[in-house]
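Observations on the three-dimensional arrangement
Here is what each chain is made of, one letter per residue.
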Amino acid sequence: MESLRSMLFELQAGGYLPDMFQYGFLINGLVAALMIGPLLGGMGSLVVIKRLAFFSEAVGHAALTGIAIGILLGEPASHPFAALFGFCLIFALLLHWVKSRTSVPYDALVGVFLAVAIATGAALLLYVARKVNVHILENVLFGSILTVQDSDLAILAVVSGICILAMLLFGNNALVATLNPELARVSEIPVRLYDYIFVVLIALITVAAVKIAGAILVGAMLLIPATTARLVTRNVMQFFWCNILISTSCSLAGILLPMAFDLPVPSGASIVLLASLGFVLAVGYNRMRMFM
Amino acid sequence: MGPSISLNNVSLTLAGNRVLDPISVELAAGQLHMLVGPNGAGKTSLLKSLLGLMPHGGEINRHWPDPNGKGLNAVRMPAYIPQQSQFDVVLPVTIEDYMSAIISPRPLFFRQSAKVRHQVAELLEQLGLGDKAGLQLGQLSGGERQRLMFAQALFRQSSLWFLDEPMTGLDTEGQTLITDLIGQFRDKRHTLVMVHHDMAFVRRHADNVLIINAGLEAMGPPQLVLVTGTGVSEVA
């Protein structure tokens with residue numbers, strides 16, 4: 001990373017890059033965006049196909065409680081990763097486990113879990129806010145490129161590697177299991193195991209993307225680019241790559257634009273707003289196509 | 001040749017309600033066994049129990065004619081045609097994607113090899129879906145979905161088939177196609193277990209009929225079990 005930063009500093013000093021490239025945190029943020037974009041885009045495809053958008057949103061919101069618990073247990077307020085991952089994982093696994101053992105409709109069940117997680121998080125955060133600088137909490141909740149360190153990039157790289165490996169090894173079987181679970185079981189595809197692997201990956205992604213997208217908005221970035229791509233594509237290959245393109249370009253632009261125009265907007269918020277704009281444009285394009 | 005299937009005291013209870021009273025029968029290898037009975041009689045539940053998809057009481061065992069055999073006979077994974085498959089209407093998954101995902105381990109976000117594409121095209125052509133490979137799953141009619149289910153099942157090259165009302169939604173041409181396929185499987189002595197409501201079809205094609213109504217009411221060749229007429233009320 002150091003050599004990349006030095007190279008870009010030199011290019012900026014030589015006038016080849018805009019002034020904002022003199023800041024190391026921007027370069028860290030852009031590298032993070034280049035990893036987060038494909039990660040959220042790729043996994044978002046499966047989130048939408050598996051109809052788990054609300055679930056991933058709930059896991060993202062559970063991060064609120066995870067962060068509060070981490071700080072209470074003495075983890076650094078800027079990166080309480082152990083508690084964040086631990087709580088998100090327990091939340092996601094418990095939700096999935098209860099789902100398979102109750103007849104309550106899934107959306108209602110996720111709603112109950114989401115409400116409990118937010119209420120617990122809100123109660124704990126009010127207490128935690130007295131102990132730490134509230135801006136640090138804002139950074140974790142809504143994302144900030146100022147806080148991205150080399151260790152965060154390393155975590156992102158590892159999580160990205162795990163997700164790519166999982167997609168390469170199980171992607172097709174996971175799709176078949178999603179589209180027709182009974183047929184998949186007959187074909188000896190371990191449907192339940194894939195579900196649990198997916199749940200763990202969502203928890204991992206939430207932790208890895210927390211610095212840039214923010215704990216609260218990670219779920220949105222899994223959902224919005226994929227929903228947009230679904231509107232404008234016709235097959236899985238188009239859907240997957242279009243999703244990654246949207247997600248990555250929104251992540252990069254969400255970091256660069258506030259810097260370029262000196263806007264005091266958290267990176268998570270700007271990324272999600274840009275993705276939402278893309279969604280609105282896709283809806284409009286889709287409507288136009290229907291009348292053409 | 002397909003296996004024989006033995007059921008030993010197989011029963012099914014769902015949410016405290018007895019769906020099937022204990023059944024103990026032997027389904028002979030290489031035959032077409034047809035499950036008939038009124039709606040809600042437990043036919044589909046029994047079929048799913050045979051597939052291992054439902055938690056049931058008792059024992060179900062498959063006995064393969066060549067336990068250590070290799071080649072086609074060693075393909076032990078059953079082929080299954082579910083009653084009616086539903087797919088998300090706006091999901092960007094085409095028929096070709098779906099078949100490729102079943103056939104190939106190569107992730108769908110990469111271009112599939114020529115061999116896989118050829119295999120998919122061949123299977124779809126066989127089921128009369130050759131010109132519909134680019135259609136999304138949600139755009140398929142009931143009959144087309146049923147043909148797709150047969151296409152994916154054919155890939156398995158199984159000699160054990162479980163079919164749950166396979167003619168549902170099929171037009172006359174589709175029904176003829178599937179009837180011919182079932183005839184080919186019988187010629188190859190595959191074991192087939194099929195839920196079906198068309199008594200004329202049952203009379204014409206079944207080797208063995210099981211009349212199910214919350215349990216096994218009767219079993220035997222159609223000419224003995226179904227005496228006359230078109231309904232299961234006329235059981236011998």
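Residues numbered from 1 in each chain as written. Chains lettered and ligands numbered in written order. Predicted model: local features only at pLDDT ≥ 70, side-chain atom pairs only at ≥ 80, totals over all residues.

1. Considerations on the overall build of chain B
When you go through chain B residue by residue, the secondary structure sums to seven helices and nine strands. In terms of overall dimensions, chain B is globule-like: its C-alpha atoms have a radius of gyration of 19 Å, near the 18 Å expected for 236 residues. Principal-axis analysis of the C-alpha atoms gives chain B an extent of 55 × 40 × 40 Å. Sorting the 236 residues of chain B into buried and exposed places 39% on the buried side. (Helix = DSSP H or I, 4+ residues; strand = E, 2+ residues; numbered from the N terminus. Rg over C-alpha atoms; globule rule 2.2 N^0.38 Å. Buried ≥ 20, exposed ≤ 12 C-beta atoms within 10 Å, placed from the backbone.)

2. Considering the overall build of chain A
Within chain A, the regular secondary structure consists of 13 helices and zero strands. Counted from the first residue to the last, chain A has its helices and strands arranged as α-α-α-α-α-α-α-α-α-α-α-α-α. For 292 residues, the compact-globule formula gives about 19 Å, and the C-alpha radius of gyration of chain A, at 19 Å, lands near that figure. Summarising its shape, the C-alpha atoms of chain A cover approximately 60 × 55 × 35 Å along the three principal directions. In chain A, which comprises 292 residues, the share counted as buried stands at 50%. For chain A, the proportion of contacts with a sequence separation of at least 24, taken over those separated by at least 6, is 74%. (Contact = placed C-beta atoms within 7 Å.)

3. Focus on helix α3 (residues 53-72) of chain A
Residue and element names in this part refer to chain A. With 20 residues, α3 extends 30 Å from end C-alpha to end C-alpha; this agrees with the ideal 28 Å at 1.5 Å per step. Where burial is concerned, most of α3 is hidden: 17 out of the 20 residues are buried. In the segment just after α3, Gly74 is the residue with positive phi, at about 100°. (Expected span 1.5 Å × (residues − 1).)

4. Quick word on the packing of helix α2 (residues 24-49) of chain A against helix α9 (residues 191-208) of chain A
Residues and elements named next belong to chain A. Viewed as axis vectors pointing N to C, α2 and α9 meet at an angle of 150°, and their least axial separation amounts to 12 Å. The pairing of α2 with α9 is recorded here as roughly antiparallel in orientation. The interaxial crossing formed by α2 with α9 has left-handed handedness. Facing α2, whose interface residues are Leu39, Leu40, Met43 and Leu46, α9 presents Phe198, Leu201 and Ile205. Within the contact of α2 with α9, the residues separate by chemical class into seven nonpolar, no polar and no charged. (Axes fitted to C-alpha atoms, helices over the stretch in contact; angles between N-to-C directions. Parallel < 35°, antiparallel > 145°, perpendicular 65-115°, else oblique. Left-handed = near helix turned anticlockwise from the far one by under 90°. Nonpolar A, V, L, I, M, F, W, Y, C, P; charged D, E, K, R; others polar.)

5. Notes on the confidence of the model for chain B
Residue and element names in this part refer to chain B. On average, chain B scores 87 in pLDDT, and the residues at 70 or more come to 92%. Note that pLDDT drops below 50 for residues 229-236; the model gives that stretch 19 contacts with residues more than four away or on any other chain. Overall fold confidence (pTM) sits at 0.86, and the ipTM for the predicted complex is 0.86. (pLDDT = per-residue confidence, 0-100.)

6. What about the sheet that holds strand β7 (residues 191-195) of chain B?
All names here are of chain B. Read from one edge to the other, the open sheet built from six strands follows the order β5-β6-β7-β3-β8-β9, with strand pairing classed as mixed. Looking at strand neighbours, the two that pair on one side only are β5 (79-81) and β9 (216-220), the edges of this open sheet. Each neighbouring strand pair of the sheet contributes to a mean axis angle of 10°, computed without reference to strand direction. Strand direction decides the pairing type here: β5 and strand β6 (residues 160-164), joined by three bridges, are parallel. Residue pairing across strands places Ala79 opposite Trp161, the latter belonging to β6. (Pairing = 2+ DSSP bridges.)

7. Examining the interface of chain A and chain B
Contacts between the two partners involve 25 residues from chain A, matched on the other side by 23 residues from chain B. Contributions of two or more residues to the side of chain A that touches chain B are made by α7 (150-179), α8 (181-186) and α12 (236-260) of chain A. With seven residues, α7 of chain A is the single largest residue contributor to the side of chain A that touches chain B. In terms of residue class, the side of chain A that touches chain B is made up of 13 nonpolar, seven polar and five charged.

8. Overview of unusual backbone geometry
All names here are of chain B. Even without being a glycine, Asn9 presents a positive backbone phi close to 55°. Looking at the secondary structure, you find Asn9 in strand β1 (residues 4-14). According to the C-beta neighbour criterion, Asn9 is exposed, with 12 such atoms within 10 Å. A positive phi angle, close to 60°, is found at Arg189, a residue other than glycine. By the secondary structure assignment, Arg189 is in the loop between α5 (172-187) and β7.

9. Points about the sheet that holds β1 of chain B
All names here are of chain B. One open sheet holds the three strands; their spatial order is β2-β1-β4, and the pairing between them is antiparallel. Every other strand in the sheet has two partners, leaving β2 (17-27) and β4 (57-63) as the edge strands with one partner each. With direction set aside, neighbouring strand axes in the sheet form an average angle of 15°. As paired strands, β1 and β4 are joined by six bridges and run antiparallel to one another. Across the sheet, Ser4 pairs through a bridge with His63, a residue of β4. Each of β1, β2 and β4 touches helix α1 (residues 43-51); the most contacted strand, β1, lies at about 120° to it.

10. Observations concerning the pairing of β2 of chain B
The pairing of β1 of chain B with β2 of chain B spans seven bridges and is classified as antiparallel. Counted as the bridge partner of Leu14 of chain B is Asn17 of chain B from β2 of chain B.

11. Observations regarding the nonpolar core
Residues Ile36, Cys88, Ala203, Ile205 and Met221 of chain A together with Leu35 of chain B are the most contacted members of the largest nonpolar core, which totals 156 residues. The element contributing the most residues to this core is α2 of chain A, with 14 residues. If near-sequence neighbours (up to four positions away) are discounted, Ala203 of chain A is found in contact with Val59, Phe85, Cys88, Leu89 and Ala92 of chain A. (Core = buried A, V, L, I, M, F, W, Y, C linked by C-beta atoms within 7 Å.)

12. A look at the packing of α7 of chain A against helix α2 (residues 95-103) of chain B
In contact at an axis separation of 8 Å, α7 of chain A and α2 of chain B are set at 120° when each is read in the N-to-C sense. What the angle tells us is that α7 of chain A and α2 of chain B run oblique. With respect to the hand of their crossing, α7 of chain A and α2 of chain B are arranged in left-handed fashion. Judged by residue contacts, Asn172, Leu175, Val176 and Leu179 of chain A of α7 of chain A engage Tyr98, Ala101 and Ile102 of chain B from α2 of chain B. Residue composition of the contact of α7 of chain A with α2 of chain B, by class: six nonpolar, one polar and no charged.

13. Section: helix α13 (residues 267-291) of chain A
Its 25 residues give α13 of chain A an end-to-end C-alpha distance of 37 Å, which sits within 8% of 36 Å, the value for a rise of 1.5 Å per residue. Looking at α13 of chain A, one finds that the buried residues are Ser267, Gly268, Ser270, Ile271, Val272, Leu274, Ala275, Gly278 and Ala282 of chain A.

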